Amino acid sequence: MHKLFRLAALGVAAVAMPMLLAGCGPTPQSLALVGSDTTVGVMGNLANFYNTHTGSNQPNANSDTVTNVLPVLASGQSQAVPGDNQCGAFSYSNPGNLPPNGSSAGISALTGDGTNCNVDMARSSRGRSGTDPSTIDFYAYAIDAVSWAHYSGGNAPSNLTQAQLQGIYLCTNGGNPTITNWNQVGGASGAIVRYLPQTGSGTLSFFETKILGLSSAQQGVLDDSSCNVHPIRIEENSGNQVAAGDKPNAILPYSFANWTAQSNGISPDIRGGAVLGSINGVAPSTTTISNGTFFGRRYVYNVIKQSDKSLAAAINFAGVDSTHNGWMCNGNSQVGFTLLAFGFTPLPMAPAGPGLPNSSCRKNPTPL
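These lines cover the structure that appears in this document, whether it is placed above or below. (Residues numbered from 1 in each chain as written. Predicted model: local features only at pLDDT ≥ 70, side-chain atom pairs only at ≥ 80, totals over all residues. Heavy atoms only, no water.)

## Digging into empty space enclosed by the protein
- Across all of its chains, the model carries 1 cavity of 30 Å³ or more by this definition.
- By volume, the largest cavity is sized at about 50 Å³.
- If you trace the largest cavity, you find 13 residues lining it, with Ser30, Asp84, Cys87, Cys117 and Asp120 closest to the centre.
- Looking at the lining of the largest cavity residue by residue, the classes come out as 5 nonpolar, 6 polar and 2 charged. (1 Å grid on protein atoms, 1.4 Å probe; cavity = no way out; pocket = protein on both sides within 12 Å on 5 of 7 lines; lining within 4 Å. Points joined across faces, edges and corners; volume = space filled by probe spheres on them. Nonpolar A, V, L, I, M, F, W, Y, C, P; charged D, E, K, R; others polar.)

Right under this line is the structure:
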C-alpha cells in the first residue's frame, strides 16, 4: 500500500511539474496602438504579421496581440481591444467612444491613460514637441516626407519654394496671405484655396513647423484671428475630400508615403486626383528622400510610455533597449519590405542611441 501510494504521488508530481513550468512563462499581453492616420496602414500590416507569427522561434514568441486602432470609425462602426491580465477588454465606437485621430491625439491618449494599460503605444508622424513629457519615448523606424499637393489640369505650378508656401499659408498681410493667386507664383490665374489636415494631425504639425517655419507654440495661428479666412480642414492625406469646385485652385499638404501607397493600390486610393508638387525645385521621390535632397523629410515613430504595464511587450514589438531590439527594430527583411511597399524608407542598422545596440530604429532621435 505504501509503495503504491508513493508511486501515485510521484506520478502526480510528474504531471504537475510541466504544468507549473509552463505557467512560469510571460503572460500574453494585449497592446492597443492608436494615433496617426499616416502610419495606420503600414502599422496594421505589420501588426497582423506579428499577431499571426507566434510561439517558439517566431517574431512574437510570447503570443502577444497588437490591436492597431483605426483613427476614424464610420458611423455605426466599432473596434474592440482584447483584455489581458493588466486591463479588461473595451471598444472604441462611433458614436460613443471615438478613437484618437492623429499623432498628437494619440500621444495625448497615451500620456493621459491613468491605467497605464488601456493605451500602450501611439503612432506618430511628428517628433517630440516641447509639451510632451519626458516619460514617453519616440522610436523612429522609417523616413517619410511631406510635400504639397495640387490637381492635374488646375492653375497651380508644379514647383513652389518654401518661401512661396509660407506666403500662401501665413497671414502676414493684415490678416491675409501675401500670395493669394496662382499667377503670383508662375501658375495660371486662380484664387488659391488653402486646405489643411485635421487638428491633432502629425502631418499638420510637421507642415506648420518644418515647412511654414512656425514654432510649436505658434501652431494653430492659421485658425485664429491672425487669418481673416481660415484654411479648410479635411482628414489628412485624403485628396478626395477636397470639394470638386475647389480642385483647380486647391493646395493641401500630403504625405509622400501615403500618396505612394494610394497610387500603387496597397492602400485605398483616396487621392481624388491630387498630385505632389516639388519644393525648392526638388520633387519628393524614394531617391531624394533617401539622399536627403528633398526638403520635407521626417521620421515616423511609435511612441511608448515608460510606465506602461506592458512596457516589455511593447518594446518587443516596436522598440529597443540596452539588451535587444524589438521585432520592428532588428533589421529583418519582412519589416523592410513592408515599409517600402507603403512608401516609407527603412532606416539602416546603426546605433539606436546612447548605450543602445545597432538597430533599424532610433530612440528619441534629433529630427531630420
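## Notes on the pairing of strand β10 (residues 250-255)
- β10 sits mainly inside the fold: 6 of its 6 residues count as buried.
- Residues Ala250, Leu252 and Tyr254 line one face of β10 and the alternating positions Ile251, Pro253 and Ser255 line the opposite face, and both faces are buried.
- With 4 bridges connecting them, strand β6 (residues 136-151) and β10 associate as antiparallel partners. Within β10, the position partnered with Trp148 by the bridge is Pro253.
- Where strand β8 (residues 193-197) lies against β10, 2 bridges are found, and the strand directions are parallel. (Buried < 20%, exposed > 50% of the residue type's maximum accessible area, 1.4 Å probe, protein only. Helix = DSSP H or I, 4+ residues; strand = E, 2+ residues; numbered from the N terminus. Pairing = 2+ DSSP bridges.)

## A word on helix α5 (residues 202-211)
- Most of α5 is tucked away: 8 of the 10 residues are buried.
- Looking at α5, one finds that the buried residues are Gly202, Thr203, Leu204, Ser205, Phe206, Phe207, Glu208 and Ile211.
- Residue Ser201 occupies the N-cap position of α5, its side-chain oxygen lying 3.1 Å from the main-chain nitrogen of Thr203.
- A positive phi of about 80 degrees marks Gly213, the residue just after α5. (Polar contact = N/O pair within 3.5 Å; in protein donor to acceptor, adjacent residues only side chain to side chain.)

## Some points on the state of the cysteines
- A complete count under the given rule lists 3 disulfides for this structure.
- Through a disulfide, Cys329 is tied to Cys361; the S-S separation comes to 2.1 Å. Between Cys329 and Cys361 the disulfide shows an S-S torsion of about -80 degrees. By sign, it is left-handed. Of this pair, Cys329 sits in the loop between α8 (311-318) and α9 (333-341) while Cys361 sits in the loop between β16 (358-359) and β17 (362-363), and the two are 32 residues apart along the sequence.
- Here Cys361 falls in the buried class, since its relative accessible area comes to 0%.
- Looking at the chain, its bonded cysteines, counted consecutively from the start of the sequence, adopt the pairing 1-2, 3-4, 5-6. (Disulfide = S-S within 2.5 Å.)

## Details of the nonpolar core
- Core analysis: the largest hydrophobic core is formed by 57 residues, its most contacted members being Trp148, Leu160, Ile168, Tyr169, Trp182, Ile251 and Leu252.
- The greatest single-element share of this core, amounting to 9 residues, is contributed by β6.
- Discounting chain neighbours no more than four positions away, the residues touching Ile168 are Leu160, Pro177, Ile179, Trp182, Ile192, Arg194 and Ile251. (Core = buried A, V, L, I, M, F, W, Y, C linked by side-chain atoms within 4.5 Å. Contact = heavy atoms within 4.5 Å.)

## Some details on the packing of helix α2 (residues 40-52) against α9
- Across the interface, α2 lies against α9 with an axial gap of 10 Å and an inter-helix angle of 155 degrees. Taken together, the axes of α2 and α9 lie roughly antiparallel to each other. Classified by chirality, the crossing of α9 by α2 is right-handed. From α2, Val42, Asn45, Leu46 and Phe49 reach across to α9, where they touch Gln334, Val335, Thr338 and Leu339.
- Split into classes, the residues belonging to the contact of α2 with α9 amount to 5 nonpolar, 3 polar and no charged. (Axes fitted to C-alpha atoms, helices over the stretch in contact; angles between N-to-C directions. Parallel < 35°, antiparallel > 145°, perpendicular 65-115°, else oblique. Left-handed = near helix turned anticlockwise from the far one by under 90°.)

## Some words on the packing of aromatic side chains
- As enumerated under the stated definition, the model contains 9 aromatic pairs in all.
- Between Phe138 and Tyr301 the ring centres are 5.5 Å apart and the planes differ by 90 degrees, which places this aromatic pair in the edge-to-face class. Taken together, the positions of Phe138 in strand β6 and Tyr301 in strand β13 (residues 297-305) put the pair 163 residues apart, joining distant regions of the chain.
- Looking at Phe138, the relative accessible area reads 2%, which means it is buried.
- Plain terms: the ring middles of Tyr169 and Phe207 are 5.2 Å apart, the flat faces sit at 80 degrees to each other, and that makes the pair edge-to-face. With Tyr169 in helix α4 (residues 162-169) and Phe207 in helix α5, the pair connects residues that are 38 residues apart, well separated along the chain. A single burial state applies to Tyr169 and to Phe207, both of which are buried. (Phe/Tyr/Trp six-rings, centres within 6.5 Å; stacked < 30°, edge-to-face > 60°.)

## Here's the deal with unusual backbone geometry
- Across the junction of Asn94 and Pro95, the peptide omega takes the value 5 degrees, indicating a cis bond.
- With respect to the element layout, Pro95 can be found in the loop between β4 (90-93) and α3 (103-111).

## Comments concerning the pattern of salt bridges
- A full pass over the atoms with the stated rule returns 5 salt bridges.
- Linking Asp137 and Lys363 is a salt bridge whose minimum nitrogen-to-oxygen distance equals 4.0 Å. Here the residue Asp137 occupies a position in strand β6, and Lys363 occupies one in strand β17, the gap between them amounting to 226 residues.
- Residue Asp137 is classed as buried on the basis of its relative accessible area, which comes to 8%.
- In this structure Lys363 comes out as partly exposed when scored by relative accessible area, which is 27%. (Salt bridge = Lys/Arg side-chain N within 4 Å of Asp/Glu carboxyl O.)

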